[in-house]
Amino acid sequence: MDWTVQARADRDALPPHVREIIAAVRAELVTAEDPYFRGIDADSKLPDGMTVEPARSSRPKGPRIAAFDHGRGWVRYTFIHRAIDPQIVVEEVFWQ
């Protein structure tokens, strides 16, 4: 997983307990069988308080938003599908 410079700075500025939550979100995303979490009950295997959905419904394979802490924060990311080294790039981190 890679982070844009701004997303990394935003993450590093958050309180330690929120950074721990983001680390758990990261672990879920990088170990998922399918980073798009498609299908019915797609979020059923995710930790309590975390959901993943498209940033825009018109682009189901575009950027995704992983909401965490029961919607208090999110991580916006894109998945770059490469055969040898798939990559997730975090574009935005927010927590309120």
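See the structure above.
Conventions we followed
Residues numbered from 1 in each chain as written. Predicted model: local features only at pLDDT ≥ 70, side-chain atom pairs only at ≥ 80, totals over all residues. Heavy atoms only, no water. Helix = DSSP H or I, 4+ residues; strand = E, 2+ residues; numbered from the N terminus. Buried < 20%, exposed > 50% of the residue type's maximum accessible area, 1.4 Å probe, protein only. Contact = heavy atoms within 4.5 Å. Areas by Shrake-Rupley, 256 points an atom, 1.4 Å probe, with all protein chains shown as cover. Phe/Tyr/Trp six-rings, centres within 6.5 Å; stacked < 30°, edge-to-face > 60°. Lys NZ or Arg CZ within 6 Å of the ring centre and 35° of its normal. Pairing = 2+ DSSP bridges. Axes fitted to C-alpha atoms, helices over the stretch in contact; angles between N-to-C directions.

Draft legend 1. Representation of the overall build of the protein. Looking only at helices and strands, one finds two helices and five strands in the protein. Each helix and strand of the protein, ordered N terminal to C terminal, gives the series β-α-α-β-β-β-β. Counting all 96 residues of the protein, 33% fall into the buried class. In the protein, the proportion of contacts linking residues at least 24 apart, taken out of those at least 6 apart, comes to 37%. Accessible surface for the protein amounts to roughly 6100 Å². Of this, 52% is attributable to carbon and sulfur atoms.

Draft legend 2. Representation of the packing of aromatic side chains. Applying the stated criterion across every chain, the model contains one aromatic pair. Against the face of Trp3 rests Arg11, its NZ or CZ located 4.5 Å from the ring centre.

Draft legend 3. Highlighting the side chain of Gln87. Position of Gln87 among the secondary structure elements: in strand 5 (residues 87-95). Excluding its chain neighbours within four sequence positions, the residues that come into contact with Gln87 are Asp2, Thr78, Phe79, Ile80 and Arg82.

Draft legend 4. Up close: the pairing of strand 5. The pairing of strand 1 (residues 2-3) with strand 5 spans two bridges and is parallel. Among the inter-strand pairings, Trp3 is bridged to a residue of strand 5, identified as Val90. Here strand 4 (residues 73-80) runs beside strand 5; their pairing, made up of eight bridges, is antiparallel. Across the sheet, the residue bridging to Trp74 is Phe94, located in strand 5.

Draft legend 5. View of the pairing of strand 3 (residues 64-68). Here strand 3 lies mainly inside the structure; four of its five residues are buried. Judged from the four bridges that link them, strand 2 (residues 51-54) and strand 3 form a sheet pairing that is antiparallel. Pairing of Thr51 across the sheet is with Ala67, part of strand 3. Pairing analysis gives five bridges linking strand 3 to strand 4, with the strands arranged antiparallel. Each residue of the ladder has a partner; that of Phe68, found in strand 4, is Gly73. Hairpin connection between strand 3 and strand 4: a loop of four residues separates the two successive antiparallel strands, and Asp69 in this loop has a positive phi of roughly 55°.

Draft legend 6. A look at the environment of Leu14. Residue placement: Leu14 occurs in the loop between helix 1 (5-12) and helix 2 (16-31). Given the relative accessible area of 13%, Leu14 is considered buried. Distance in space between the C-alpha atoms of Leu14 and Val93 is 9.6 Å, their sequence separation being 79 residues. In contact with Leu14, other than residues within four places in its own chain, are Arg19, Ile22, Val93 and Trp95.

Draft legend 7. Molecular detail of the sheet that holds strand 1. Read from one edge to the other, the open sheet built from five strands follows the order 1-5-4-3-2, with strand pairing classed as mixed. Each edge of the open sheet is held by one strand with a lone partner, namely strand 1 and strand 2. Strand contacts of helix 1: strand 1 and strand 5, with the helix running at about 45° to strand 5, the strand carrying the most contacts. Lying on the sheet, helix 2 is in contact with strand 1, strand 2, strand 3, strand 4 and strand 5; it crosses strand 3 at an angle near 135°.

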